[in-house]
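The lines below spell out each chain.
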Amino acid sequence: MNPLRVTIWHEYRHEHHNDKVAGIYPDGMHQALAAGLAPHGFDIKTATLDEPEHGLTQAVLDETDVLTWWGHIAHEEVSDEIVDRVQERVLNGMGLIVLHSGHLSKIFRRLMGTGCMLKWREADEKERIWVVDPAHPICAGLPEYIEMPEAEMYGEHFDIPPPDALVFVSWFEGGEVFRSGCCYQRGQGKVFYFRPGHETYPIFHMPIVHQVLANAINWARPVGNPPMVRGNIPQFMR
């Protein structure tokens, strides 16, 4: 079996303007993720916002089984044409993994059909990400909870549709909770939202996070169904 083809898309702006972020991710968050996921046997490519067509040409997307997405300060710079292109690929079976502040990306809001806003606070708080659906494939091999020593808080209400499956719920030192692992089906494609990943913490260097994302990529892989036939058709039987 050929390895899953994964494209890691990253805004790649903070690393150029914030010394703290550059110190944690000197080659960019996308390269940290690529290095962490490489041992899981994927065929990995990366793409960034400032590349032509944001690195997401039709050819690149046609050769992508699962796309991961991280954005934060430049959501509105993403071309609507590229959003249309990504959406079409998801509806036709490509998996999409949306990370952290990608909740406000154009593509996630488009696929959710809601504002996708939430509460947030930067206070270096402990986060415990509790596994609430241990039988789900994304939770395979994980402990009861994952602990982040320091994290940015995200709190409810998170303006998203009810997930098809909720696999993680986060608790923060300040008392908030958050739906931090949400699964959706859109057309023939699967979408997973995973909360951790603020740029000023080394979360994407953590092997346990790599395990979650590897599980999610395998879960979101295309199932290989042929394109759906739609429109006006003759009767099958008389």
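Quick notes on the rules
- Residues numbered from 1 in each chain as written.
- Predicted model: local features only at pLDDT ≥ 70, side-chain atom pairs only at ≥ 80, totals over all residues.
- Heavy atoms only, no water.
- Patch = residues over 30% accessible without salt bridge, like charges linked within 9 Å, V, L, I, M, F, W, Y side chains within 5 Å.
- Areas by Shrake-Rupley, 256 points an atom, 1.4 Å probe, with all protein chains shown as cover.
- Salt bridge = Lys/Arg side-chain N within 4 Å of Asp/Glu carboxyl O.
- Helix = DSSP H or I, 4+ residues; strand = E, 2+ residues; numbered from the N terminus.
- Buried < 20%, exposed > 50% of the residue type's maximum accessible area, 1.4 Å probe, protein only.
- Pairing = 2+ DSSP bridges.
- Axes fitted to C-alpha atoms, helices over the stretch in contact; angles between N-to-C directions.
- Contact = heavy atoms within 4.5 Å.
- Polar contact = N/O pair within 3.5 Å; in protein donor to acceptor, adjacent residues only side chain to side chain.

1. Notes on a nonpolar patch on the surface
A cluster of nonpolar residues, Trp130, Val132, Tyr145, Trp171 and Val177, forms a patch on the protein surface that exposes about 410 Å² of accessible area. Note that Val132 resides in the loop between β5 (119–131) and β6 (145–155). Since its relative accessible area comes to 41%, Val132 is described here as partly exposed.

2. Here's the deal with the sheet that holds strand β3 (residues 66–70)
Pairing is mixed in the open sheet, where 9 strands are placed in the order β2-β1-β3-β4-β9-β8-β7-β5-β6. In the strand order of this sheet, the two ends are held by β2 (43–48) and β6, each with one partner. Along the sheet, successive strands turn relative to each other by an average axial angle of 25°, direction set aside. With 9 bridges joining them, β5 and β6 adopt antiparallel strand pairing. Bridge pairing in β6 places Arg121 opposite Met153. Together, β1 (5–10), β3, β4 (95–99), β6, β7 (165–172), β8 (177–186) and β9 (189–194) form the strand contacts of helix α7 (residues 207–220), whose direction differs from that of β9 by roughly 160°.

3. Focus on the side chain of Thr64
Relative to the assigned elements, Thr64 resides in the loop between α4 (58–62) and β3. Looking at Thr64, the relative accessible area reads 0%, which means it is buried. Separated by 2.7 Å, the side chains of Thr64 and Thr7 make a polar contact. If sequence neighbours within four positions are ignored, Thr64 has contacts with Arg5, Thr7, Arg89 and Met94.

4. A word on the pattern of salt bridges
All chains considered together, the criterion is met by 13 salt bridges. Between Glu125 and Arg121 there is a salt bridge, with its nearest N and O atoms 2.8 Å apart. Residue Arg121 is classed as partly exposed on the basis of its relative accessible area, which comes to 27%. One continuous salt-bridge network, built from bridges that share partners, spans Arg13, Asp50 and Glu77.

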